[in-house]
Amino acid sequence: MPVVVQPEARGDERGALLAYLEAQRGAFRRALHGLTEEQARSAPSASECSVLGLLKHVTLGEEGWVRKFKGEEDRPAAEQMKEWQSGWTPAPEETIEVLIARNERVAAETEAAVRALPSLDETFVSPKYPWDEGGERSWRWGLLHLMEELARHAGHVDVIRETIDGKGAFDLVFETGAMPEPDWPTVP
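These figures come from a predicted structure and were not determined experimentally. (Residues numbered from 1 in each chain as written. Predicted model: local features only at pLDDT ≥ 70, side-chain atom pairs only at ≥ 80, totals over all residues. Heavy atoms only, no water.)

S.K.: What is the right way to read the confidence of the model for the protein chain from this model?
M.R.: Caution is warranted with low-pLDDT regions, since their predicted coordinates should not be read in detail. For the protein chain, the average pLDDT comes to 91, and 97% of its residues sit at 70 or higher. Per-residue pLDDT, averaged within each element of the protein chain, yields its smallest value for helix H4 (residues 77-86) (82) and its largest for helix H2 (residues 37-41) (98). (pLDDT = per-residue confidence, 0-100. Helix = DSSP H or I, 4+ residues; strand = E, 2+ residues; numbered from the N terminus.)

S.K.: Is there a simple way to think about the packing of helix H3 (residues 51-69) against helix H6 (residues 139-165) in this case?
M.R.: When two helices pack together, their arrangement is given by the angle between the helix axes and by the axis-to-axis distance. Their axes nearest at 9 Å, the elements H3 and H6 cross at an angle of 175 degrees. By the angle class used here, H3 and H6 are roughly antiparallel. Residue classes in the contact of H3 with H6 are distributed as 14 nonpolar, six polar and three charged. (Axes fitted to C-alpha atoms, helices over the stretch in contact; angles between N-to-C directions. Parallel < 35°, antiparallel > 145°, perpendicular 65-115°, else oblique. Nonpolar A, V, L, I, M, F, W, Y, C, P; charged D, E, K, R; others polar.)

S.K.: I'm lost on the pattern of salt bridges in this one. Help?
M.R.: Under the counting rule described, the total for this entry stands at 20 salt bridges. Among the ionic pairs, Arg41 bridges to Glu37, the shortest N-O distance being 3.7 Å. Taken as a pair, Arg41 and Glu37 lie in helix H2 at a separation of four residues, close to a single helical turn. Through salt bridges with shared partners, a single ionic network connects Glu22, Arg25, Arg29 and Glu62. (Salt bridge = Lys/Arg side-chain N within 4 Å of Asp/Glu carboxyl O.)

S.K.: Can you help me understand the pairing of strand E1 (residues 123-126) in this one?
M.R.: Across a regular strand the side chains alternate sides, sitting on one face of the sheet and then on the other. Because side chains alternate across E1, one face comprises the buried residues Phe124 and Ser126, and the other comprises Thr123 and Val125, none of which is buried. Note that E1 and strand E2 (residues 135-138) share four bridges and pair antiparallel. Note that in E2 the partner of Val125 across the bridge is Glu136. (Buried < 20%, exposed > 50% of the residue type's maximum accessible area, 1.4 Å probe, protein only. Pairing = 2+ DSSP bridges.)

As structure tokens, then:
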């Protein structure tokens, strides 16, 4: 979704990466703006995904990746896969409010972990996946990977939301106050 990300303070690479990561997270929160629980859980496009399901998926994904970055992911692969498979569909108690709160908590935990690092050159071991050999990665790589994952799914959320009620990304950005609507006749 289109929002203005302010330039980082000179030399603040962490700040820049975290700001862009937060801009992508905001796309999911804005996509839920004004939806009923039923609409948020609906899958009106060719995909089986819902806006709320995608928020759950990216939140679980970020939470899991940050555990990997910190070397704290010790759950068996089968348990992680089960979480991934169920992570697309919110349980009845996982309301819009509950999942937004969880997303905000995970975002705060990510930011705290990144800010506590001596350097983004710190490394972690990425596991082997069918699509990637795994190996040593920098936290910088990890943050860029999270950003890529969020951006890809933010596009899905845009399409699903627009299918629900016709509201596009710009509509939601202006409606939620994430960015003031420009005076279009004066825009060069």
